[in-house]
Amino acid sequence: MHVISFEGFEYSGKSTQIALLKKFFIKKKIASTFTREPGGNKDLEKIRKIILQSDFDNLSLILFFFASRFSLLSSFKSNGIVVFDRFFDSTYAYQNFTTRDKQLILNLIKQIHKKYIPRLTFYFKMNRKTLLERKNKRGALNKFDKKYLGDFARIQKNYNDLSKIKIGKRIFITIDASQSKELIHEEIIRNLKKWKLIK
Ligand code: TYD
C-alpha cells in the first residue's frame, strides 16, 4: 500500500486533479482507493455533513476532524495506491490559530500509524489573485469554505510550515496551482514515477 494525499485551498484545482488521477489509474489498470476527509465511509459521511454545516468552536473542530480520521483509519480497507482528498495537513492548515492548537494537532498527527503517513503529499499552492479570479468565475462556496475565505494568508502560511516539518518519510510537494490542469497532472505522474509508486 502506498498512501498519497492532496491538499490545498478552495479553488486550487485539487478536485480536478484527483479526478484526472482516478482516470489515469483506471486506464493503466493500477489498483487504487480514493477517500476523502472528513468522511470516507457511510457513517462518517453523515458526520461530515454535521461538521461542515455547524458552527463548532475551533478546539472542538480539531477533535472532530481527528475523531473522524482515526475512526476511518481503524476500519480502513485499501487496495493499491490510497489517495486522500485532504488529510491531517488540512487540520494543521485550517484549525491552527495558536501555539496550543499547533501542539495539539502535531501530537494528534503522531498518533497516526506510520503505514498511513503519506509517502507523497501534493499541495496546490495558489496566490490570492488566482483565488479571486476563480472565485468570481465559479461563484458560491459552501458555509464551511466561506468561514475560512478571509483566512487565506494564515492557511497559506500553515501549509508553507508543513512543507518544512518532517513527518515520517513523507515528501511534501508544492505545486503551482496557477498552471494548466494538463501540466499539473503531468507533474503528479512524474512524481509518482520518480518516487517509485508507479512504473
Ligand atoms: P473539501 O473536501 O475540499 O470539500 P469541498 O471540495 O466540498 O470544498 O473540504 C471541505 C472543508 O473542510 C474545507 O473547507 C476544508 C475543511 N477541512 C478542515 O478545515 N480541516 C480538516 O481537517 C479537513 C479534513 C477539512
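Note: the structure precedes this text.
Before going into details, it helps to say that this report is about the structure given with it. (Residues numbered from 1 in each chain as written. Predicted model: local features only at pLDDT ≥ 70, side-chain atom pairs only at ≥ 80, totals over all residues.)

Here the focus is the nonpolar core. Counting 32 residues, the largest nonpolar core has V83, F84, A93, F122, F124 and I175 as its most contacted members. Counting only elements with at least two residues in this core, the list comes to β1 (2–8), α3 (58–74), β3 (81–85), α4 (88–94), β4 (120–125), α8 (152–162) and α9 (181–194). Look past the residues within four positions of I175 in its chain and what remains in contact with it is F122, Y123, F124, K125, I184 and E187. (Core = buried A, V, L, I, M, F, W, Y, C linked by C-beta atoms within 7 Å. Buried ≥ 20, exposed ≤ 12 C-beta atoms within 10 Å, placed from the backbone. Helix = DSSP H or I, 4+ residues; strand = E, 2+ residues; numbered from the N terminus. Contact = placed C-beta atoms within 7 Å.)

Attention now moves to the sheet that holds β3. Strand order across the open sheet formed by five strands is β2-β3-β1-β4-β5, with parallel pairing between neighbours. Two strands in the sheet have a free side with no partner beyond their single neighbour: β2 (32–36) and β5 (171–176). Strand-to-strand twist across the sheet, computed as the mean angle between neighbouring axes with direction ignored, equals 20 degrees. Bridge count for β1 against β3 is five bridges, and the pairing is parallel. In the strand pairing of β3, H2 is matched with I81. (Pairing = 2+ DSSP bridges. Axes fitted to C-alpha atoms, helices over the stretch in contact; angles between N-to-C directions.)

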